[in-house]
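Listed here are the chains, written in short residue letters.
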Amino acid sequence: MDDVVRIRTKEILIWLAAFLACVTPRFIPMFKINLGIHVSYYALTVVLVWILYAKRELVPSVHLQELFFYVLLLHAAVSIVQNMNLNRWLFYIYYITICILMMNTLITNNEDAIYEGITVAVCLALLIQVVIGIYEVSTHTYVFRVGSFSVRHYGKEAVSMFSNPNDYSTYVTTLVPFAVYRVFASRRILAKVLYLALAAGAIDMIVVTASRACIAALAFAVLALVFLAVCRDRRRIAIVAPTLLIACAAAFLLVPALREWLLAFVSENSIDTSGEDVARVNLLKNGLHFLYETCGIGVGAGNLEVWFEKFSIFHIGELLYIHNWYAEILVTFGIFIFAFYVLTHISLLVMLYRNAKEKDGLFGIHTCFFLSFLIFSVTSISSSSNVYSEWVWMFLAVTVAYCEKNRKKSLLRVELR
């Protein structure tokens, strides 16, 4: 009985950690405790569950994907010698450390039930954010006036607790596959209907926020799902391909609002040639300039915004975040860490794809994680800064641990043959 209680408590704490990471974006101090820096309830929960349940080994077995985060933490710690903003440097150390603790806890407690619970916890958090977004767009009332997004967005785009619509859209788009997965995984009709409504509401918010990267990512995910279905059974292409084409054509012809939106989306007017789009390009150009000035070693953890503020040579207006996850890693940590991250990212994507292709039905949990990570691979170029987003670090930790779980299972099957 004690073992049952212990296992159940562990699962609940891990699910709570996943929920808290996804329901409390950065910039919301009310969900955090000020201990010099704002420490979230998510972080405190992760530390607690790590202390209680993580198995600590004298010589841990660390593989490529896990090793990257330890190297990243070491690099961030050493970059204190470059430090120009101690508070932001502490945030880097804080986020990476909590990510490692979450990852380590999951890897040493890799039961299937934990990941099923995480998908439910993530959906509950997503539901809260989607409801807030629908309320904002419907009533033109913004409950959480966070960040400084333009007043031109008011009443047109959802932002919820995030600092801008792109951050919100990145979050919602990345987590949509979890809602779709629960539609297939749930046994009760009512649960299926509710999760389906959640997925529909999330997609509606993605369209409303009109983030080009997020909409493109969603399209890639649909194509990837079709590709997976065909790969599992090539006979399905005769059914899937025509059905998809007919559905897209019918939607374009029968829904005027969708047709108008698509035409506006692909037109030249969708690109702001005098404002934010140009500033974003200049952010990247400044980032490459900073990389050159630092001889490829990067500006150091927590310093990027300071460099944008003081040393920019291309006009960026008031923007201080680089708005590109890959460029953020490259310019902050340098060429070698960036190359390591790309290798890690690709290896995770390949592992998730193989699991989804070989082990899933139409939309199983392997497919869920693969599509979610595929979407993140694209949407991460949209949000202002992923480094300071707690849900991103939680998502990466869970993804790495999930891949490690499946790797160990595959090795065990090979040994038993």
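By convention here, each chain's residues receive numbers from 1 onward along its written sequence. Totals for whole chains, interfaces and linings use every residue, but because this is a predicted model, local features are given only for residues with pLDDT of at least 70 and side-chain atom pairs only at 80 or more, for both listing and counting. Values reported for side chains reflect all heavy atoms of the structure, with hydrogen atoms and water molecules removed beforehand.

J.: Provide a residue-level description of the side chain of Asn 282, including the pertinent values.
T.: Only DSSP runs of H or I reaching four residues or more are called helices, and only runs of E reaching two or more are called strands; each is numbered from the N terminus. Structurally, Asn 282 is set in helix α11 (residues 276–293). Under this definition, polar contacts are N or O atom pairs within 3.5 Å; protein pairs additionally need one hydrogen-donor-capable and one acceptor-capable atom, and for neighbouring residues in sequence, both atoms have to be side-chain atoms. Within the structure, Asn 282 has its side chain in polar contact with the backbone oxygen of His 315 (distance 2.7 Å). For this analysis, residues touch if any pair of their heavy atoms sits within 4.5 Å. Among all residues touching Asn 282, those that are not within four sequence positions of it are Phe 314, His 315 and Ile 316.

J.: For the confidence of the model for the protein, give the residues involved together with the corresponding values.
T.: Confidence of the predictor at the level of single residues is captured by pLDDT, which takes values from 0 to 100. Confidence in the prediction for the protein averages 80 pLDDT; 78% of positions are at 70 or higher. Across the protein, the secondary-structure element scoring lowest on mean pLDDT is helix α10 (residues 256–266), at 57, and the one scoring highest is helix α15 (residues 365–379), at 92. Counting interchain partners and residues more than four positions distant, the pLDDT-below-50 stretch residues 268–274 has nine contacts.

J.: Outline unusual backbone geometry, listing residues and values.
T.: The backbone of Cys 295 shows a phi angle near 60 degrees, a positive value even though the residue is not glycine. Following the sequence through the fold, Cys 295 ends up in the loop between α11 and α12 (304–311). Positive phi, normally seen in glycine, also occurs at His 323, with a value near 60 degrees. As for its placement among the helices and strands, His 323 is situated in the loop between α12 and α13 (325–333). A simple rule labels every residue: compare its accessible area, found with a 1.4 Å probe on the protein chains alone, to the largest value its type can have, and call it buried under 20%, exposed over 50%, or partly exposed in between. Classification of His 323 by relative accessible area gives buried; the value is 8%.

J.: Summarise a nonpolar patch on the surface; cite the residues concerned and give the values.
T.: A cluster of nonpolar residues, Val 47, Leu 48, Ile 51 and Leu 52, forms a patch on the protein surface that exposes about 320 Å² of accessible area. Mapped onto the secondary structure, Leu 52 falls in helix α2 (residues 41–53). The exposure class of Leu 52 is partly exposed, given its relative accessible area of 45%. Here a patch means residues that are over 30% exposed by relative accessible area and free of salt bridges, tied together within 9 Å if like-charged and within 5 Å if nonpolar (Val, Leu, Ile, Met, Phe, Trp, Tyr). A 1.4 Å probe and the Shrake-Rupley method give the accessible areas. Residues count as covered only by the protein chains that appear here. The salt bridge definition used is simple: a Lys or Arg side-chain nitrogen within 4 Å of an Asp or Glu carboxyl oxygen.

J.: Just give me the short version of α13, but keep the residues and values in it.
T.: One turn of the α-helix equals 3.6 residues, which is why residues spaced by three or four share an orientation. The element α13 is largely enclosed, with a buried count of nine among its nine residues. All buried positions along α13 are accounted for by Trp 325, Tyr 326, Ala 327, Glu 328, Ile 329, Leu 330, Val 331, Thr 332 and Phe 333. Between a side-chain oxygen at the N-terminus of α13 and the backbone nitrogen of Tyr 326 the separation is 3.0 Å; the capping residue is Asn 324. The first or second residue beyond α13 is Gly 334, which carries a positive phi of 95 degrees.

J.: Tell me about the packing of helix α6 (residues 165–185) against helix α7 (residues 189–209), and name the residues and values.
T.: Relative orientation of the contacting elements α6 and α7 amounts to 155 degrees, with a least axis distance of 8 Å. Judged on the interaxial angle alone, α7 and α6 are roughly antiparallel. For the element pair α6 and α7, the recorded crossing hand is left-handed. Contacts between α6 and α7 involve Pro 165, Tyr 168, Ser 169, Val 172, Thr 173, Val 176, Ala 179, Val 180, Arg 182, Val 183 and Phe 184 from the former and Lys 192, Tyr 195, Leu 196, Leu 198, Ala 199, Ala 202, Ile 203, Met 205, Ile 206 and Thr 209 from the latter. All residues other than Ala, Val, Leu, Ile, Met, Phe, Trp, Tyr, Cys, Pro, Asp, Glu, Lys and Arg, Gly among them, are scored as polar; the first ten of these are nonpolar and the last four charged. Its residues placed into classes, the contact of α6 with α7 shows 16 nonpolar, three polar and two charged. Angles run from 0 to 180 degrees between N-to-C directions of axes, and those axes are lines fitted to C-alpha atoms, restricted for helices to the stretch in contact. Should an angle fall under 35 degrees it is called roughly parallel, over 145 degrees roughly antiparallel, and 65 to 115 degrees roughly perpendicular, with every other angle called oblique. What makes a crossing left-handed is the near helix being turned counterclockwise from the far one by less than a right angle; a clockwise turn instead makes it right-handed.

J.: Explain the nonpolar core to me, and be specific about the residues and the numbers.
T.: Here, nonpolar core refers to any group of buried Ala, Val, Leu, Ile, Met, Phe, Trp, Tyr and Cys residues whose side-chain atoms link them within 4.5 Å. The biggest cluster of nonpolar side chains holds 105 residues, and the ones touching the most others in it are Met 102 and Ile 118. Ranked by residue count, the leading element in this core is helix α4 (residues 86–107), at 15 residues. Residues within four places of Ile 118 in sequence aside, it is in contact with Ile 14, Trp 15, Ala 18, Leu 106 and Val 398. Counting 10 residues, the second largest nonpolar core, distinct from the first, contains Phe 290, Val 299, Phe 308 and Val 331.

J.: Tell me about the environment of Phe 373, and name the residues and values.
T.: Along the chain, Phe 373 turns up in helix α15. A relative accessible area of 1% means that Phe 373 is categorised as buried.

J.: I'd like a description of the packing of aromatic side chains, backed by residues and values.
T.: The geometry of an aromatic ring pair is captured by two quantities: the separation of the ring centres and the angle between the planes. Here is the rule: rings of Phe, Tyr and Trp (six-membered ring for Trp) pair when centre to centre is within 6.5 Å. Planes less than 30 degrees apart are stacked, more than 60 are edge-to-face, and the remainder are tilted. Summed over all chains, the structure comprises 29 aromatic pairs. Summarising the aromatic geometry, the rings of Phe 68 and Tyr 341 are spaced 5.4 Å apart at their centres and angled 50 degrees between planes, so their arrangement reads as tilted. Here the residue Phe 68 occupies a position in helix α3 (residues 64–78), and Tyr 341 occupies one in helix α14 (residues 335–359), the gap between them amounting to 273 residues. Like Phe 68, the residue Tyr 341 is buried in the burial classification. Should the NZ of a Lys or the CZ of an Arg lie within 6 Å of a ring centre and within 35 degrees of the ring normal, that charge is described as sitting over the ring. The residue whose ring lies beneath Lys 285 is Phe 314, and the NZ or CZ to ring-centre distance is 4.4 Å.

J.: Account for the pattern of salt bridges, with residues named and values stated.
T.: Here the structure, examined in full by the defined rule, presents four salt bridges. The salt bridge involving Glu 111 is made with Lys 10; its shortest N-O contact spans 3.2 Å. One end of the pair, Glu 111, is in the loop between α4 and α5 (112–139); the other, Lys 10, is in helix α1 (residues 2–23), and 101 residues separate them in sequence. For Arg 182, the salt bridge goes to Glu 116, with nearest N and O atoms at 3.0 Å. You can see Arg 182 sitting in helix α6 and its partner Glu 116 sitting in helix α5, a full 66 residues away along the chain. Judged by relative accessible area, which is 29%, Glu 116 ranks as partly exposed.

J.: I'd like a description of the packing of α3 against α4, backed by residues and values.
T.: Relative orientation of the contacting elements α3 and α4 amounts to 155 degrees, with a least axis distance of 10 Å. As the angle between them shows, α3 and α4 are arranged roughly antiparallel. In this structure, the crossing between α3 and α4 has a hand that is left-handed. Residues Glu 66, Phe 69, Tyr 70, Leu 72, Leu 73, Ala 76 and Ala 77 of α3 pack against Trp 89, Ile 93, Ile 96, Thr 97, Cys 99, Ile 100, Met 103, Asn 104 and Ile 107 of α4.

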